[in-house]
Amino acid sequence: MDRRDALKTLGLAAAGSVAATAAASGTETQTPVASPAVFATPRDPADPLDPFLTNVVAIPDDFFIPGRFAGKTVIVTGCARGMGRMATLRLAREGANVVGVDWLQDEGAAVVAQVLAEGGKAEFVFGDVSENAVCEAMVKTAVDRFGGLDCALNNAGVMDAIFPGDPVDYASQKDLVMARIDAASDAYWDVVMRVNVTGVFKCMRSELRQMLAQKRGGSIVNVASVAGLRGFGGTPSYVASKHAVNGLTKNAAIDYAPYGIRVNSVCMANTATPMVERAMALIRQRAAITGKPPGIALMKTKSLLQWSDQNGRDATPAEQVAVMLFLLSPESSNLTGANYATDGGFTTY
């Protein structure tokens, strides 16, 4: 059954008054999409041993809440693909002015072009978030183009040292691929730590300086990983970097709470993004070339919800972005300093 068949008009009436307000202020760019009318649907075919088993219905990719970010300006790093792309589009549909940042120039610019084509407001900044000049430029763009900065989603990150725009080829890129500590190269360690940790630090530094100067608070969400809450074999730099992101989140939450600036992080398990697809492709190539299986590193990969789903589906970018945007929004006014396990129950068992 197509997911659209499970969607009803439930919720559209409630969104109507918000949509009208957004339309009046020129911030509504699309027709609202209803959230699923049910939480889950029966398996098809049903399991003869347990006919009550169901599959959770994912939030639609194009769901949004009209007007929620009207008048707000948000920076999104890593806007070109996956969760960053979806967050950029949804934020704009919810009325935000978005500054998208990415080192994939053509893809990042294309996402911003889509926002503009839909009637939204966005600007693109090209560059590596671990460079001071890029972090300063993205904040300057927010101020010069939209008058300030309200929120930031620090999403840019890598799992290996291969440039995301390059095709993967384990045989020629071995030294750039995740590996156990005894086999890991300096290049692998340095690039992942530079982008994931130094990048988040430098982004926050520029963002916080501007938010402090404005004296009106703000909200920052850092994208970590379930690998920042527990250990994972075979990927030491990624695990270390995401633990560091969660630590930076807590540190910043303490320092900036008196200034009305909230800082949280999200920690997902398997999510259907290009980065996860690349990692699995590299693991398969390595196993084929070396003849060695991944072993204990992949002993546990599925979350509770993934294991329970009839097709074993990953979380979707839309499911992750829904939590990110809630944490960015004024709705989460009492939340700061938390590392949220948006992992489908992965860390529960």
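Predicted model, so just to flag it, every value in this text is computed and none were measured.

When helices and strands are tallied, the chain shows 10 helices and nine strands. The dimensions of the chain, computed from C-alpha atoms along their principal axes, are 60 × 55 × 40 Å. When the 349 residues of the chain are sorted by exposure, 51% land in the buried category. Sequence-distant contacts, at least 24 apart, represent 75% of the contacts inside the chain between residues at least 6 apart.

Position of M138 relative to the elements: it lies in helix α4 (residues 132-146). The residues contacting M138, other than those within four sequence positions of it, are I75, T77, V99, V101, V125, C203 and E207.

A word on the environment of L176. The topology assignment puts L176 in the loop between α5 (170-173) and α6 (186-214). Sequence separation of L176 and P293 is 117 residues, and the distance between their C-alpha atoms is 19 Å. When neighbours within four sequence positions are excluded, L176 is seen to be in contact with D160, A161, I162, A187 and Y188.

Residues F69, V74, L91, L153 and M324 are the most contacted members of the largest nonpolar core, which totals 31 residues. For this core, the elements supplying multiple residues, two or more each, are β3 (73-77), α2 (82-93), α3 (105-117), β5 (121-126), β6 (151-154), β7 (218-223) and α10 (317-328). Contact partners of V74, with chain neighbours within four places excluded, come to F69, L91, A96, N97, V98, V99, C151, A152 and L328. Among the nonpolar cores identified, the runner-up in size contains 30 residues, and V101, V129, V134 and A253 belong to it.

Two elements in contact, α6 and helix α7 (residues 236-256), have axes separated by 8 Å at closest approach and are oriented at 15°. Relative to α7, the element α6 is oriented roughly parallel. The crossing of α6 and α7 is right-handed. Contacts from Y188, W189, V192, M193, N196, V197, V200, F201, M204, L208 and L212 in α6 reach P236, S237, Y238, A240, S241, K242, A244, V245, L248, A252 and Y256 in α7. Per-class residue counts for the contact of α6 with α7 are 18 nonpolar, three polar and one charged.

A word on the sheet that holds β7. One open sheet accounts for seven strands, arranged β5-β4-β3-β6-β7-β8-β9; its pairing is parallel. A strand with exactly one partner marks an edge of an open sheet, and here the two such strands are β5 and β9 (339-340). Sheet topology places β6 next to β7; four bridges connect them, and they run parallel. Paired with A152 across the bridge in β7 is I220. Sheet strands touched by α7: β7, β8 (261-266) and β9. Its angle to β8, the strand with the most contacts, is close to 160°. Of the strands in this sheet, β3, β6, β7, β8 and β9 touch α10, which is tilted by about 150° from β7.

Every second residue of β6 is oriented toward a common face, with C151 and L153 on one face and A152 and N154 on the other, all of them buried. Strand direction decides the pairing type here: β3 and β6, joined by three bridges, are parallel. By the bridge assignment, V74 is partnered in β6 with C151.

A few words on α7. Note on helix geometry: an α-helix contains 3.6 residues per turn, so any two residues three or four positions apart are oriented the same way. Taking 1.5 Å as the rise per residue, α7 with 21 residues should run 30 Å; its terminal C-alpha atoms sit 30 Å apart, in good agreement. In this fold, the buried residues of α7 make contact with α6, β7, β8, α8 (274-290) and β9.

Spanning 29 residues, α6 covers 40 Å between terminal C-alpha atoms, matching the ideal 42 Å at 1.5 Å per step. The largest bend along α6 measures about 35° and falls at R194. Within two residues after α6, K215 carries a phi angle of roughly 60°, on the positive side.

Overall, the predicted model of the chain reaches an average pLDDT of 90, with 91% of residues at or above 70. Confidence drops under a pLDDT of 50 for residues 1-29, and excluding neighbours within four residues, the segment shows 42 contacts in the predicted structure.

Considering all chains together, one arrives at three aromatic pairs under this definition. Ring geometry for Y256 against Y259: centres 6.4 Å apart, planes inclined by 50°, an arrangement best described as tilted. Against the face of F346 rests K300, its NZ or CZ located 4.2 Å from the ring centre.

Now for the pattern of salt bridges. Oppositely charged side chains are able to pair whenever their charged atoms sit close together. This model, assessed by the stated rule, comprises 12 salt bridges. In this structure, the salt-bridge partner of R180 is D182, at a minimum N-O distance of 3.0 Å. A single salt-bridge network, built from bridges that share partners, covers R68, R90, E94 and E331.

Rules used in this analysis
Residues numbered from 1 in each chain as written. Predicted model: local features only at pLDDT ≥ 70, side-chain atom pairs only at ≥ 80, totals over all residues. Heavy atoms only, no water. Helix = DSSP H or I, 4+ residues; strand = E, 2+ residues; numbered from the N terminus. Buried < 20%, exposed > 50% of the residue type's maximum accessible area, 1.4 Å probe, protein only. Contact = heavy atoms within 4.5 Å. Core = buried A, V, L, I, M, F, W, Y, C linked by side-chain atoms within 4.5 Å. Axes fitted to C-alpha atoms, helices over the stretch in contact; angles between N-to-C directions. Parallel < 35°, antiparallel > 145°, perpendicular 65-115°, else oblique. Left-handed = near helix turned anticlockwise from the far one by under 90°. Nonpolar A, V, L, I, M, F, W, Y, C, P; charged D, E, K, R; others polar. Pairing = 2+ DSSP bridges. Expected span 1.5 Å × (residues − 1). Bend = angle between axes of the 7 residues up to and from the residue. pLDDT = per-residue confidence, 0-100. Phe/Tyr/Trp six-rings, centres within 6.5 Å; stacked < 30°, edge-to-face > 60°. Lys NZ or Arg CZ within 6 Å of the ring centre and 35° of its normal. Salt bridge = Lys/Arg side-chain N within 4 Å of Asp/Glu carboxyl O.

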